[in-house]
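Geometric and topological summary
So the chains spell out like this:
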Amino acid sequence: MKARLMSHAVSPESIETISKTVTQKIKANPNPFFTESQQLELLNQLIQFDFGRYLLQNRGINGYWTHYMLTHPWLGRKTEKNNRGDFFTQLESFLLDCAPTMLATQQRFKIFLNENQKQVKNNAKLACIPCGMMGELLYLDYTGIDNIRLIGIDYDAEALNDARSLATQKGLSQFVDYIQKDAWNLNLKNEFDLISSNGLNIYEPDNLKVTELYRQFYVALNDGGKLVTSFLTYPPTLTDQCEWDMSKVNQKDLLLQKTIFVDIIDSKWQCFRSTEQTKIQLETVGFRGIQFIYDEAKIFPTVVAYK
């Protein structure tokens, strides 16, 4: 299987080119909830800040911007400043503080940290695939640990460099190894006590490929090893069996999120799966002890499974 970057572009088109393309799309596809001028204003507002420009140019999120989103509750929400040290625009604040899927992934990150912390022991070998900036391991507490291996695996060399910087900042460089590799071609056997993995299956529409990804993880884990992963459940517009807790979802925010991410950005992370489907995929490759841990709205569940 050919390795590829799924979440973002290596050489994205210029923001000017993207803006023209999106403008044409907005004009050609009337939105029943937002006027053409409102959508064009949203496009203009996205271009005003780095995160918005990145989303427009890549339709996905790399390790740096994933880290930016996930750590926002600890950093940006307190400082009220963005990556450049500027005050947030109204739209960037909406994306980071109100968009339902963003809130779900920030909650999911906390759940990952809690589950991954349980595997921190001397002589353990913990992997993060894809690692991005590796926050789901590097933000754990290693008090009293003097012998542990943390392995960051990512196909994106830039993500590995960013992970190195964060490891240095956290004083954990002595524990960390980095491998540039495609997750579907790990070819590792009985290597890890933990694999922490977020963000691949939401970009992959092929269910067989997602099952194969879980098979790669299963083989790479030691007997008794733990997988902590996640998936996006179907939104209410796509199924009658929606798992979301709609009492926890602001309808106005959901509509604005859809317009931004689906109609304007046309994001790549629109590959949804049910809890039952995910359970079957994991069981198919041999995982057992499968447990689902939900964010408040049940949008981005965490699943824990064992070899």
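Because the structure is predicted, anything quoted here is derived from the model rather than measured.

Broken down by element type, the chain carries 12 helices and seven strands. The C-alpha atoms of the chain give 19 Å as radius of gyration, which agrees with the globular expectation for 307 residues (19 Å, within 12%). With the C-alpha coordinates aligned to their principal axes, the bounding extent of the chain is approximately 60 × 45 × 40 Å. Taking all 307 residues of the chain together, 53% fall into the buried category. Put simply, of all contacts in the chain between residues at least 6 apart along the chain, 74% involve residues at least 24 apart. Accessible surface for the chain amounts to roughly 14000 Å². Of this, 49% is attributable to carbon and sulfur atoms. The distance from the centre of the 33 positive side-chain charges to the centre of the 35 negative ones in the chain is 2 Å.

The next point concerns unusual backbone geometry. Omega for the bond connecting Ile129 with Pro130 falls within 30 degrees of zero, at -10°, which places this linkage in the cis form. Phi at Met134 takes a positive value of approximately 70°, unusual for a residue other than glycine. Position of Met134 among the secondary structure elements: in the loop between β1 (125–128) and α8 (135–138). A relative accessible area of 0% means that Met134 is categorised as buried. Non-glycine residue Asn187 carries a positive phi angle of around 50°. Mapped onto the secondary structure, Asn187 falls in the loop between β3 (176–180) and β4 (192–197).

Now for the environment of Asn123. Looking at the element boundaries, Asn123 is found in the loop between α7 (100–117) and β1. Using a relative accessible area of 60% as the deciding quantity, one classes Asn123 as exposed. C-alpha separation for the pair Asn123 and Asp193, spaced 70 residues apart in sequence, amounts to 9.7 Å. Not counting chain neighbours up to four residues away, the residues in contact with Asn123 comprise Asn147, Ile148 and Asp193.

Here we come to the sheet that holds β1. Sheet strands line up and pair through hydrogen bonds in the backbone, either parallel or antiparallel. Read across the open sheet, the seven strands follow the order β3-β2-β1-β4-β5-β7-β6; overall the sheet is mixed. Each edge of the open sheet is held by one strand with a lone partner, namely β3 and β6 (288–293). On average, each strand axis in the sheet is inclined to that of its neighbour by 15°, with strand direction left out of account. Bridge count for β1 against β4 is three bridges, and the pairing is parallel. Paired with Cys128 across the strands is Ser196, a residue of β4.

Counting across every chain of the model gives 11 salt bridges. In this structure, Arg53 and Asp50 form a salt bridge, with 2.3 Å as the shortest nitrogen-oxygen distance. Linking Arg53 with Asp50, this pair stays in helix α3 (residues 50–58), spanning three residues, or about one helical turn. Take Arg53: its relative accessible area is 23%, and that puts it in the partly exposed class. Of the charged contacts in the structure, one is a salt bridge between Lys118 and Glu115, with a shortest N-O distance of 2.8 Å. Through salt bridges with shared partners, a single ionic network connects Asp50, Arg53 and Arg84.

Right, let's talk about helix α1 (residues 15–28) for a bit. For α1, built from 14 residues, the straight-helix expectation of 20 Å at 1.5 Å per residue is met to within 8% by its first-to-last C-alpha distance of 20 Å. For α1, the set of buried residues is Ile15, Ile18, Ser19, Val22 and Ile26. Mapping the buried residues of α1 onto a view down its axis gives an arc of 100°, with all of them on the same face. Exposed side of α1, more than 90 degrees from the buried face: Glu16, Lys20, Gln24 and Ala28 are the residues found there.

Moving on to the nonpolar core. Counting 41 residues, the largest nonpolar core has Leu46, Phe51, Leu56, Leu95 and Ile260 as its most contacted members. Where this core is concerned, the elements lending two or more residues are α1, α2 (36–46), α3, α4 (63–70), α6 (90–97), α7 and α11 (251–264). With five residues, the single largest contributor to this core is α11. Setting aside residues no more than four positions away along its own chain, Phe51 makes contact with Trp65, Tyr68, Met69, Glu92, Leu95, Leu96 and Met102.

Burial analysis of strand β5 (residues 221–230) places seven of its 10 residues in the buried class, the great majority of the element. Where β4 lies against β5, five bridges are found, and the strand directions are parallel. Bridging across to β5, Ser196 finds its partner in Val228. Where β5 and strand β7 (residues 302–306) come together, five bridges link them in antiparallel fashion. Considered in β7, the bridge of Ser230 is made with Thr302.

About the cut-offs
- Residues numbered from 1 in each chain as written.
- Predicted model: local features only at pLDDT ≥ 70, side-chain atom pairs only at ≥ 80, totals over all residues.
- Heavy atoms only, no water.
- Helix = DSSP H or I, 4+ residues; strand = E, 2+ residues; numbered from the N terminus.
- Rg over C-alpha atoms; globule rule 2.2 N^0.38 Å.
- Buried < 20%, exposed > 50% of the residue type's maximum accessible area, 1.4 Å probe, protein only.
- Contact = heavy atoms within 4.5 Å.
- Areas by Shrake-Rupley, 256 points an atom, 1.4 Å probe, with all protein chains shown as cover.
- Lys, Arg positive; Asp, Glu negative; His and termini not counted.
- Charge placed at Lys NZ, Arg CZ, Asp CG, Glu CD.
- Pairing = 2+ DSSP bridges.
- Axes fitted to C-alpha atoms, helices over the stretch in contact; angles between N-to-C directions.
- Salt bridge = Lys/Arg side-chain N within 4 Å of Asp/Glu carboxyl O.
- Expected span 1.5 Å × (residues − 1).
- Arc of directions from axis to C-beta.
- Core = buried A, V, L, I, M, F, W, Y, C linked by side-chain atoms within 4.5 Å.

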